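Architecture at a glance
Listed here are the chains, written in short residue letters.
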Amino acid sequence: MKNILHGNGSLGRKMQSLFLMTLFVLQSTLSLAQNRTVTGVVVDEKDEPIIGANVTVKGTSKGTITDLDGKFVISAPTNAKLLEVSFIGYNTQTVTITGKTLQIKLTESAIALDEVVAIGYGSAKKGSVTGAIAKVNAEKLEDRATTNIASSLQGQLAGVEVRSTTGEPGSELQIRVRGAASINADATPLYVVDGIPVDDLGSLNPGDIQSIEVLKDAASAAIYGSRAANGIVIITTKGGNKFEKMAPVVTLSHTSSIVSISRKLDAMNAEQFRAAYKEARENNNQTAEQNWIVNPFHPYYNRTTDWQDVIFRTAYQTRNDISVRGGNNSFSYGVSAGYRDLKPVVVNTKYNQLNLRTNFLYKVGKRITGGTKVSFSNMNYTRILSSGSNNYSALRAALFTNPCFSPYDPLSGELVDWLGGREQRNPLAVATKVPIHFKRRWFTMNQYIQINLMKGLDLRVSVSGDSRTNQDSFMPKEFDSNTPARDNGKFRQSEGQTFLNENTLSYNGKFKSHRLNVVLGQSLQQDKTETITLNG
């Protein structure tokens, strides 16, 4: 046999190949024999199927999820003995693998039912609430090293879609509760931060968030009326929320990241663009007479420029937060500061934001409690013109500008404003010389007094307000196509103030095995906005 396998003849080579194939088939058969198929059904305490429950083979990385009927099929090693089944809000269960279809019943977690959630003008245990509420705590948010709220919340709240629509740093979030509720009308939910309704969450530091509750069903309209038609997002910030003995805790966090565009769009190089342009002109019975066509070896046109490489860059982003929190039986506090420097991936742009927040909770007397919450945010953002329909858009120009041109003069090395004898604007020059500066400031303050009139009966009076500001831009005459060229200056400033007064009388009582919560309230809100726009 040895002589046959190692011989020089064709018979030896065939026998060797046959022998190796037999070993491969035998090994594959043994490998398949080491696994077995396990099936089962996962239901809740009411015998309703649980959709999307996680089923894993304990001690391995093999896993699957249940289908619409709560059923699952998983391939497990023959030596595996246990499956682990888990689902949000239910106790994790470990079951023994048998030769039969497994019937698995999950029980609700008592911890999840006893969790306290915010429900507008008050709070309640999750097990006592009939409405649909999703909640995420600070612990889950802190596990993600992100620089914005959208990235922190994505995938954390069931039935809630969170995304950033533009990719720009500090851009407004788009949150949809159980999908879009309207085709044409606004589907944005109502945002409430520490009891104050706000327009957006751009001024909020992710490091200051203690918890986020989303009220998803029609019951939320009973609290905030028609404003809650698309749901309510209730955000509670850290510190100054309850009386407890707590030594001062100083927390310092730092997050750094390097960002770049995920991919570029395919674009022609100089040679391909010349050929396509000449063919298009010939098909139209015209002659291509441009210098970059007839003289391709001229120093101004003898190169290929990928304008996407010119406009985009790899950027460094950082977030720094520091906070001090503590308290005792009569005073609780939380003070924090945060700074974000989020450089965008587009050249000559920058974004930075400073956040300051103080939360205080104190006892004025035996039956009187007070709270003061103040926050300040200052944002500076320099961006480029990026509208897809704007002739001055550097991003649009990065895709449509002739690749035969260079952003710099090949002889002097200076940045040129126009390309090819004023054929096209230089995208890099537009990004460099036509910035738009945004400056926004938010200041909010919430002061409340709560008086305990009798056991279970509380009167709460709160007054809050906020102010916010602005934008400006400028277009230099180098890029104006009019004759004679002229500078186009633009300036816009917006000042807005909101005043809110809320008075509530609430009763919280327990009678044997029953609990009664009643709230009687009145709310007055006034909004004022002044805008100045100058063009010249």
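Figured I'd write up the structure that's included with this text. (Residues numbered from 1 in each chain as written. Predicted model: local features only at pLDDT ≥ 70, side-chain atom pairs only at ≥ 80, totals over all residues. Heavy atoms only, no water.)

Another point: the overall build of the chain. Scanning the chain for helices and strands turns up 11 helices and 27 strands. Approximately 31,000 Å² of the chain is accessible, and the part contributed by carbon and sulfur atoms is 53%. (Helix = DSSP H or I, 4+ residues; strand = E, 2+ residues; numbered from the N terminus. Areas by Shrake-Rupley, 256 points an atom, 1.4 Å probe, with all protein chains shown as cover.)

This part covers the sheet that holds strand S6 (residues 93-96). The pairing of strands in a sheet comes from backbone hydrogen bonds and takes either a parallel or an antiparallel form. Spatial strand order, S3-S2-S5-S6: 4 strands in an open sheet with antiparallel pairing. Pairing within the sheet leaves two strands with one partner each, and these edge strands are strand S3 (63-65) and S6. Neighbour to neighbour, the strand axes of the sheet diverge by 25 degrees on average, direction disregarded. Across 4 bridges, strand S5 (residues 82-86) lies against S6 in antiparallel orientation. (Pairing = 2+ DSSP bridges. Axes fitted to C-alpha atoms, helices over the stretch in contact; angles between N-to-C directions.)

Our focus in this paragraph is the packing of aromatic side chains. What describes a pair of aromatic rings is the distance from one ring centre to the other and the angle between the planes of the rings. Inspection of the entire model under this criterion finds 11 aromatic pairs. Ring geometry for Trp292 against Phe405: centres 6.4 Å apart, planes inclined by 75 degrees, an arrangement best described as edge-to-face. Within this pair, whereas Trp292 is found in helix H8 (residues 291-294), its partner Phe405 is found in the loop between helix H10 (394-400) and strand S22 (418-419), the two being separated by 113 residues in sequence. A single burial state applies to Trp292 and to Phe405, both of which are buried. (Phe/Tyr/Trp six-rings, centres within 6.5 Å; stacked < 30°, edge-to-face > 60°. Buried < 20%, exposed > 50% of the residue type's maximum accessible area, 1.4 Å probe, protein only.)

This brings us to the pairing of strand S2 (residues 54-57). Of the two faces of S2, only one is covered, namely that formed by Val55 and Val57; the face formed by Asn54 and Thr56 stays uncovered. Here S2 pairs with S3 via 3 bridges, running antiparallel. Bridged to Thr56 within S3 is Gly63. Once S2 ends, the chain turns through 5 residues before running back antiparallel as S3, passing Gly59 with a positive phi of about 90 degrees. The pairing of S2 with S5 spans 4 bridges and is classified as antiparallel. Bridge assignment links Thr56 to a residue of S5, and that residue is Glu84.

This paragraph deals with the pattern of salt bridges. Evaluation of the coordinates by the stated rule reveals 10 salt bridges. The salt bridge involving Asp194 is made with Arg357; its shortest N-O contact spans 3.5 Å. Separated by 163 residues along the polypeptide, Asp194 in the loop between strand S13 (190-193) and strand S14 (196-198) and Arg357 in strand S20 (residues 350-363) bring together distant segments of the chain. In terms of burial, Asp194 and Arg357 fall into one category: buried. Between Lys433 and Asp417 there is a salt bridge, with its nearest N and O atoms 2.7 Å apart. Of the two residues, Lys433 sits in helix H11 (residues 427-433) while Asp417 sits in the loop between H10 and S22, which places them 16 residues apart along the sequence. Classification of Asp417 as buried rests on a relative accessible area of 18%. Several salt bridges converge on common partners, so that one network encompasses Asp194, Asp208, Arg357 and Lys373. (Salt bridge = Lys/Arg side-chain N within 4 Å of Asp/Glu carboxyl O.)

What follows is about the environment of Asp309. Structurally, Asp309 can be placed in helix H9 (residues 307-311). When its relative accessible area of 48% is taken as the criterion, Asp309 is described as partly exposed. The spacing of Asp309 and Val346 is 37 residues in sequence and 10.0 Å in space, taken between C-alpha atoms. Side-chain polar atoms of Asp309 contact the side chain of Lys264, separated by 2.9 Å. (Polar contact = N/O pair within 3.5 Å; in protein donor to acceptor, adjacent residues only side chain to side chain.)

The subject of this paragraph is the environment of Ala134. Following the sequence through the fold, Ala134 ends up in strand S10 (residues 133-137). Expressed as a C-alpha distance, the spacing of Ala134 and Val160, which sit 26 residues apart in the sequence, is 8.4 Å. When sequence neighbours within four positions are dropped, the list of residues in contact with Ala134 reads Leu157, Ala158, Ile212, Glu213, Val214 and Lys216. (Contact = heavy atoms within 4.5 Å.)

To continue, consider the side chain of Thr66. Positionally, Thr66 belongs in the loop between S3 and strand S4 (71-77). Thr66 gets classed as buried once you look at its relative accessible area, which sits at 3%. Polar side-chain contacts of Thr66 include one of 3.0 Å to the backbone nitrogen of Gly52. At a separation of 2.9 Å, a polar atom in the side chain of Thr66 contacts the main-chain amide nitrogen of Ala53. Apart from residues no more than four positions distant in its own chain, Thr66 is found in contact with Val42, Ile50, Ile51, Gly52, Ala53, Val55, Lys71 and Phe72.

The next thing to look at is helix H7 (residues 270-283). For H7, spanning 14 residues, the distance from its first C-alpha to its last is 20 Å, which sits close to the expected 20 Å at 1.5 Å a residue. Where H7 begins, the capping side chain belongs to Asn269, and its oxygen is found 3.3 Å from the backbone nitrogen of Glu271. One or two positions beyond H7, positive phi appears at Asn285, with a value near 55 degrees. (Expected span 1.5 Å × (residues − 1).)

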